[in-house]
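Remarks on the overall topology
Residues per chain are reported as follows:
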Amino acid sequence: MELLEIGRVAGTHGIRGELRVEPWCDSPAFLAGFTTVYINKTPHKVESARVHKKHVLMKLDGVETVEAAQALRGTVLMIDRAGVALPEGRYFIQDLIGLGVFNGGERIGTLYDVLTAPAADIYVVRGDDGEHMIPAVPEFIKEIDVENGVIQVALIEGM
């Protein structure tokens, strides 16, 4: 089983053990759709989950008090990768990190990080000539081939 990090317990909500979870995925709604999450490789059944502003309010089986929920503050939540089907053209960030990035036939570097911004993610590429920040939009990201470890981009001057 391969576990993926999907969020962090940012705090509590109410007095019945509900967790306020900061999502590390495309949307809080995606995170709210899971029936099982893992904490320290231990599965926990999700009794309920709903989006509240930019967070997910989640109730886990066995977490019944605000004190029990507070003890989980800062904990990273994970999911089983096998239980997730992504739509075509969507990728897990961890699958993209380390891919070679090419502008035409020229290698410009390796994808080092993905920053989440309001309009679009930003790919941080490190190469011999420094760091490039490329918006992850179709105008710049032309092709992603995870199997062959390649991202094709179309840069404009100054990127």
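Attention here is on the structure that accompanies the text. Residue numbers run consecutively from 1 along every chain, following the written order of its sequence. The predicted nature of this model means local features are confined to residues of pLDDT at least 70 and side-chain atom pairs, given and counted, to a pLDDT of 80 or more, with totals for whole chains, interfaces and linings taken over all residues. Heavy atoms throughout the structure, all of them, feed into the side-chain values; hydrogens and water do not.

What about unusual backbone geometry?
One non-glycine residue, Asn40, lies in the positive phi region at around 50 degrees. With respect to the helices, strands and loops of the structure, Asn40 is situated in the loop between β3 (36–39) and β4 (42–52). Phi angles above zero are rare outside glycine, and Lys53 is one such case at about 60 degrees. Each helix is a run of H or I in the DSSP string that is no shorter than four residues. Each strand is a run of E no shorter than two, and both are numbered from the N terminus. Mapped onto the fold, Lys53 is located in the loop between β4 and β5 (55–60).

A short note on the packing of aromatic side chains
Aromatic rings from Phe, Tyr and Trp, with only the six-membered ring used for Trp, were paired whenever their centres fell within 6.5 Å, and each pair was classed as stacked if the ring planes differed by under 30 degrees, edge-to-face if by over 60, and tilted otherwise. Following the criterion strictly, the structure yields one aromatic pair and no others. Relative to Phe34, the ring of Phe30 has its centre 5.3 Å away and its plane inclined at 90 degrees; by these criteria the two rings are edge-to-face. The criterion for a charge sitting over a ring is simple: Lys NZ or Arg CZ within 6 Å of the ring centre, and within 35 degrees of the ring normal. The side chain of Arg126 reaches across the aromatic face of Tyr112, ending 3.5 Å from its centre.

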